[in-house]
Amino acid sequence: MTACALNFQLSTLNFCMIPPGKTIGVLGGGQLGRMFAHAAERLGYRIHIYEPEANGPAGEVSALETNRPYTDIEALTTFAKSVDVVTYEFENIPAEPLWAIEKHVQLHPHWNVLETCQNRMREKNWLRKNNFSPVPFAEVEAGDDLAAAIRKMGLPCVVKTADFGYDGKGQIKVADDASLAKAVASFAKQRCVIEKFIDFKCELSVVVARSSTGEVKAFSVAENIHTKHILDFSIVPARIPAETAAAAETLALAIVEKLNVVGLLAIELFLTDRGELLVNELAPRPHNSGHWTLDACATSQFEQHVRAVCGLPLGDVSVIAPVVMVNILGDAWKWQGNVITGEPNWQAVLAHPRAKLHLYGKKEPRIGRKMGHFTVTAATPGTALEAARELKARL
Ligand code: AMP
């Protein structure tokens, strides 16, 4: 690491600006790392990916890659010494080894942000303690009477493992005796949270950036439609009253400040019929529901992440046009049983004058695996959604 060009103080930490030309280390080598690497390289940075598996989407487009486990302190130390700042694109990284990184180089967001957000119990307790209205929940320790705790919460509810859950993995909705028995059989030996099932009006998310200089900016609120717990469509601007959008942004900015994040933070929310905003989840990294920014915003979330962790001025977050983002899962390939017999119809998206296709270079499509996404811009969010649904059906 070289000497800092410019030093300043934020909270109790000293940070420095990392000018273009320096090397950014990224923990995690998936599609978020790949899109981050594209944005960083455009600003003149070099990227060094640290990722256990070889041949991932991010390593393929980066200058340097290390393939070692996240628990290998020696390899993490060598990696830390080879870069000027470190960030992450994935939160299921053990937080403890990250101390080894912080001994040598700035890590953004700080490892304790990762530690809070990677465990549902810690995250929800943090939200509750700071009055940020999480979805009502109860905690259950491994070996506690899960069935009794579920009955106490009342049906319907959602049982989620405390650790390592995403995209609906590690969660079961309990609406009757059969699903209760399934949840008990699956989770009785694990720490869990039980949430009230929220019959929400819609799901929303806000991606906010906070730079190491303390500057903050929120991207427009996205309205999200999930299918089988995986994000299917993000619609921007969200079709909600302006006061609700403003309240969601204010809440997101308050959370990013309180959590002392440097980098990006995505806040997933449920909007109830009564107009309440309940926090479902936090993710301290670029977020799937922010991919629309690549094609319909003055600055993409990935560029903003680069700017935030390097202490550059944050970019303009103006929306250029109403937009819908659609995830492309492995399901879009033609399957016969377990065998792939054909590619998706890329022509349909490529031929559309207002659609943009993004593929992540993953070699092996699988059902439920995120392989890419596309966006469609239009005069209104409603017409963009219509066009997106039509293109998805033709894929
Ligand atoms: P998660 O992995 O916790 O973000 O959950 C994935 C998706 O499952 C969410 O985006 C919601 O669509 C749904 N979901 C999760 N928790 C709840 C809940 N308590 N009430 C209703 N739907 C939920």
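Residues numbered from 1 in each chain as written. Predicted model: local features only at pLDDT ≥ 70, side-chain atom pairs only at ≥ 80, totals over all residues. Heavy atoms only, no water.

Moving on, we come to the environment of N112. Structurally, the position occupied by N112 is in helix α4 (residues 111–117). C-alpha of N112 to C-alpha of E141: the two residues are 29 residues apart in sequence and 22 Å apart in space. Within the structure, N112 has its side chain in polar contact with the side chain of H110 (distance 2.9 Å). (Helix = DSSP H or I, 4+ residues; strand = E, 2+ residues; numbered from the N terminus. Polar contact = N/O pair within 3.5 Å; in protein donor to acceptor, adjacent residues only side chain to side chain.)

Below, the discussion takes up the domain arrangement of the protein chain. Where interface size is quoted, it is often the accessible area lost as the parts come together. Per the domain assignment, the segments making up the protein chain are domain 1 (3–107), domain 2 (136–196) and domain 3 (200–394). Buried surface at the junction of domain 1 and domain 3, summed over both partners, amounts to about 2,300 Å²; 66% is from carbon and sulfur atoms. Linking domain 1 with domain 3 are 3 salt bridges, by the criterion used here. The residue E303 makes a salt bridge to R42 at a minimum N-O spacing of 3.4 Å. (Domains from an automatic or database assignment. Buried area = accessible area lost by both parts, 1.4 Å probe. Salt bridge = Lys/Arg side-chain N within 4 Å of Asp/Glu carboxyl O.)

The full count for this structure, using the stated rule, is 8 aromatic pairs. Here the aromatic cluster, defined as three or more aromatic residues joined through ring pairs, consists of Y50, Y70, F79 and F90. Geometry around F197 places K173 over its ring, the cationic atom sitting 3.9 Å from the centre. (Phe/Tyr/Trp six-rings, centres within 6.5 Å; stacked < 30°, edge-to-face > 60°. Lys NZ or Arg CZ within 6 Å of the ring centre and 35° of its normal.)

Take the packing of helix α1 (residues 31–42) against helix α10 (residues 301–310) next. Relative to each other, α1 and α10 sit at 65 degrees, their axes nearing to 8 Å. With respect to each other, α1 and α10 are oriented roughly perpendicular. The element α1 and its partner α10 pack so that their crossing is right-handed. The residues of α10 that touch α1, namely those facing L32, M35, F36, A39, A40 and R42, are F302, E303, H305 and V306. Each residue belonging to the contact of α1 with α10 can be placed in one class, and the counts come to 7 nonpolar, 1 polar and 2 charged. (Axes fitted to C-alpha atoms, helices over the stretch in contact; angles between N-to-C directions. Parallel < 35°, antiparallel > 145°, perpendicular 65-115°, else oblique. Left-handed = near helix turned anticlockwise from the far one by under 90°. Contact = heavy atoms within 4.5 Å. Nonpolar A, V, L, I, M, F, W, Y, C, P; charged D, E, K, R; others polar.)

The next subject is the nonpolar core. For soluble globular proteins, the rule of thumb is that nonpolar side chains tend to be buried together. In terms of nonpolar packing, the biggest core is built from 46 residues, with L27, I101, I255 and L282 touching the most fellow members. When residues of this core are assigned to domains, at least three map to each of domain 1 (3–107) and domain 3 (200–394). The contacts of I101, once residues within four sequence positions are left out, are L27, L76, F79, A80, V86 and L107. Residues C16, I18, Y45 and Y360 belong to the second largest nonpolar core, which totals 21 residues. (Core = buried A, V, L, I, M, F, W, Y, C linked by side-chain atoms within 4.5 Å. Buried < 20%, exposed > 50% of the residue type's maximum accessible area, 1.4 Å probe, protein only.)

Right, let's get into the site of the ligand. As a matter of local geometry, the ligand sits amid 19 residues, with K160, E195, I198, E203 and H229 nearest to it. Within the side chain of H229, a nitrogen or oxygen atom sits 2.9 Å from an oxygen atom of the ligand. Contacts to the ligand include E281, whose side-chain N or O atom sits 3.1 Å from an oxygen atom. Of all the secondary-structure elements, those providing two or more residues to the shell around the ligand are β9 (157–161), β11 (192–196), β16 (263–271) and β17 (277–283). Looking at the shell around the ligand residue by residue, the classes come out as 6 nonpolar, 5 polar and 8 charged. There are two domains that each give the shell around the ligand at least three residues, and those are domain 2 (136–196) and domain 3 (200–394). (Near = heavy atom within 4 Å.)

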